[in-house]
Amino acid sequence: MDKVDAVIVGGGLAGLSAAYKLASAGRQVILLERGDSPGSKNVTGGRMYVDPMREYLPDIIKEAPFERHVVKEVITILDDNSSTQIEYSNDKWKAEPFMSYTVLRAKFDNWFAEKAMEKGAFIIPKKKVDELLWENGRVAGIRADGEDIGAHVVIAADGVLSFMAEKAKLRSPLIPANYAVAMKEIYKLDEKIIEDRFGLKDNEGAANLFMGSVTKGMFGGGFLYTNKDTLSLGLVVGIDALLRKKPYLEAYRLMEEFEVRPEIARWIKGGELKEYSAHIISEAGLQAVPKLYTGGMLVAGDAAGLALNMGITIRGMEFAVASGAIAAEVANEAIEKRDTSDTFLSLYEKRLKESFIIPDMETFRHSKSVLENPRIFTVYPKFICELLDAIFTIGKNNKESFYKSAKTVAKKYLMSWEAVKDIMSIRKI
Ligand SMILES: Cc1cc2nc3c(=O)[nH]c(=O)nc-3n(C[C@H](O)[C@H](O)[C@H](O)COP(=O)(O)OP(=O)(O)OC[C@H]3O[C@@H](n4cnc5c(N)ncnc54)[C@H](O)[C@@H]3O)c2cc1C
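Numbers given to residues run from 1 along each chain, matching the order in which its sequence is written. Note on the predicted model: pLDDT of at least 70 is required for a residue's local features to be given, and 80 or more for side-chain atom pairs to be given and counted; whole-chain, interface and lining totals, by contrast, use all residues. Only hydrogens and water are set aside; all other atoms, that is, all heavy atoms of the structure, feed into the side-chain values.

A.B. asks: Describe the overall build of the protein, with residues and values.
C.D. replies: Of the regular secondary structure elements, the protein holds 16 helices and 19 strands. Its C-alpha atoms give the protein a radius of gyration of 23 Å, near enough to 22 Å, the size a compact globule of 429 residues would have. Seen through its C-alpha atoms, the protein measures out along the principal axes to roughly 85 × 50 × 40 Å. Only protein chains enter the calculation, and the probe is 1.4 Å; a residue is then buried if its accessible area is under 20% of its type maximum, exposed if over 50%, and partly exposed in between. A total of 429 residues make up the protein; the buried ones form 54% of that total. Restricting to contacts in the protein with at least 6 residues of sequence separation, those with at least 24 account for 73%. For every accessible area listed, the method is Shrake-Rupley and the probe measures 1.4 Å; residues are considered covered only by the protein chains on display. Just so you have it, the protein exposes about 19800 Å², and 54% of that area is on carbon and sulfur atoms. Counted charges follow a simple rule, with Lys and Arg positive, Asp and Glu negative, and His plus the chain ends left uncounted. Working definition for charges: the position is that of NZ of Lys, CZ of Arg, CG of Asp or CD of Glu. Across the protein, the mean location of the 59 positive side-chain charges is 5 Å away from that of the 60 negative side-chain charges. Strands are runs of DSSP state E lasting at least two residues, helices are runs of H or I lasting at least four, and both sets are numbered from the N terminus onward. Between the two quantities, the radius of gyration covers C-alpha atoms and the globule rule is 2.2 Å times the number of residues to the power 0.38. Contacts are residue-level and defined by heavy atoms, with any inter-residue pair within 4.5 Å sufficient.

A.B. asks: With reference to specific residues and values, describe the pairing of strand E2 (residues 29-32).
C.D. replies: Here E2 shows no split at all, with Val29 and Leu31 on one side and Ile30 and Leu32 on the other all buried. In the sheet, strand E1 (residues 3-9) pairs with E2 via 4 bridges, with the strands oriented parallel. Looking at E2, one finds that Val7 is bridged to Ile30. The definition of a right-handed crossover adopted here requires that, viewed with the strands pointing away, the path from the first strand over the helix to the second runs clockwise. Traced from E1 through helix H1 (residues 13-24) to E2, the parallel crossover comes out right-handed. At least two DSSP bridges between two strands are needed for those strands to be called paired. For E2 and strand E7 (residues 122-124), the ladder comprises 3 bridges, and the chain directions are parallel. Following the sheet pairing, Leu32 is matched in E7 by Ile124.

A.B. asks: With reference to specific residues and values, describe a nonpolar patch on the surface.
C.D. replies: A cluster of nonpolar side chains, namely Leu161, Phe163 and Leu174, defines an oily patch on the protein surface of about 250 Å² accessible area. Note that Phe163 resides in helix H4 (residues 163-167). Overall, Phe163 belongs to the partly exposed group, its relative accessible area being 49%. Grouping into patches uses exposed residues only, defined as over 30% relative accessible area, and leaves out salt-bridged ones; the cut-off is 9 Å for like charges and 5 Å for nonpolar side chains (Val, Leu, Ile, Met, Phe, Trp, Tyr). The working definition used for a salt bridge is a side-chain nitrogen of Lys or Arg within 4 Å of a carboxyl oxygen of Asp or Glu.

A.B. asks: Pulling in residues and values, what's your account of the side chain of Ser277?
C.D. replies: Among the secondary structure elements, Ser277 is positioned in strand E15 (residues 272-282). By relative accessible area, which is 19% here, Ser277 ends up buried. Apart from residues lying up to four places away in sequence, Ser277 is in contact with Val43, Ala182, Met183 and Lys184.

A.B. asks: I'd love a proper account of the site of the ligand, names of residues and values included.
C.D. replies: Only a single heavy atom is needed: when it lies within 4 Å of a molecule or strand, its residue is near that molecule or strand. Taken together, the neighbourhood of the ligand is formed by 35 residues, with Glu33, Thr44, Arg47, Arg105 and Asp302 sitting nearest. Between the ligand and the protein, one listed contact pairs a nitrogen atom with a backbone N or O atom of Arg47 at 2.7 Å. N or O atoms within 3.5 Å of each other form a polar contact, as long as, within protein, one can give a hydrogen and the other can take it, and as long as residues adjacent in sequence are counted only when both atoms are side-chain atoms. The separation between an oxygen atom of the ligand and a polar side-chain atom of Asp302 is 2.6 Å. Burial of the ligand by the protein amounts to 97% of the accessible area it has alone, namely 1000 Å². Among the elements of the structure, H1, E15, strand E19 (314-315) and helix H9 (317-336) are those that each provide at least two residues to the shell around the ligand. It is H9 that provides the largest number of residues to the shell around the ligand, a total of 3 residues. Under the scheme applied, nonpolar residues are Ala, Val, Leu, Ile, Met, Phe, Trp, Tyr, Cys and Pro; charged residues are Asp, Glu, Lys and Arg; polar residues are all the others, including Gly. Class assignment for the residues of the shell around the ligand results in 13 nonpolar, 11 polar and 11 charged.

Here it is as structure tokens:
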């Protein structure tokens, strides 16, 4: 069988990063994307932390069509009828180089694909890869629409459900407990209204996180990011928690209730709903990372389980970009040395361990077990809201001292063995 240097399955960030790098190294690369165009099927929150990925694609980061650089973090903790908001900003985030940007994937990925094509990559949209081809026990190409394409290396960058990794027997089918479902809406809103409403200027952006009763005690939370002239609003909820919920609750109902909460509705007021999407996110961190290579094949990005929910943020895009770039480097060396064996490609795992990806995932390997504690979404938001209620309410009766009020609320919510265990569990993250 004739072979090109590399075939990449999936035109998301991981696949495009690999295509860009391999084409820049002068390799023949074919990337197949099942969507109408790169970015058309891709869902993210989305805030991209660029510092960790700068060394892998410095030129791309310089020119990329980002939306706004984030200078403000807002956390809103909600009880059923009350809420507490914490806002944090820092002047250092207002100076270049910026730490993180909001992005719209339809725009970003399409632009990235053009950059990869300028380097010489062939990007073929509307092409779904169905099968892997095998030769002497190694992956030797792909089959798409009945057509075979031979390759020295296949890079599976086909996202969170990765049927390619499954077909290569690198991972088993999806376990609901390891995933969350996310719903996302994009609202069009005038640029000036966004800046006035969120207290921003000069392309500054805000990242808002919502937690507590919006997920009805289930693992998850909401997000709201400011883009140039749109807002990205979404809600994430654990699939396992949703399946166990009694009475049964449709995920979209949660989203409907979420967006009409006054704490959320005020941000999107007057906005025109432009897009609605839903997607799955890997929540298991390192636990869900499979073997990442086999003879003739490497797995990158979400397909490799490289995503991390740190509670305060979801990280996956910089992992996708960096792992795609590292996969390309290893594939390039393997092709050079004419050795695409399982043993040679194990270099990929070694390089991921030397990068920021595996070490960060190691540090937060207990995130899921800490975050899936339902008390985080019920007891503690109630504690915070009731504590503030006790302090701020002045009624017809005599006002208690702040200390006494705080002690009463703390006794109600924190004086239990569960609370002690929860505090101890924080040491794990
Ligand atoms: C709601 C939500 C919020 C998130 N928020 C953030 C955030 O704020 N910050 C952050 O860093 N990360 C966030 N993440 C995670 C982040 O979006 C992902 O980690 C990242 O998009 C992974 O990129 P990828 O290229 O690996 O996969 P994807 O972007 O999913 O790309 C995979 C591509 O493969 C294609 N494909 C699949 N199968 C085939 C096939 N058989 N043949 C051809 N093509 C195929 C798909 O169409 C798709 O284009 C979020 C995720 C979600 C769902």
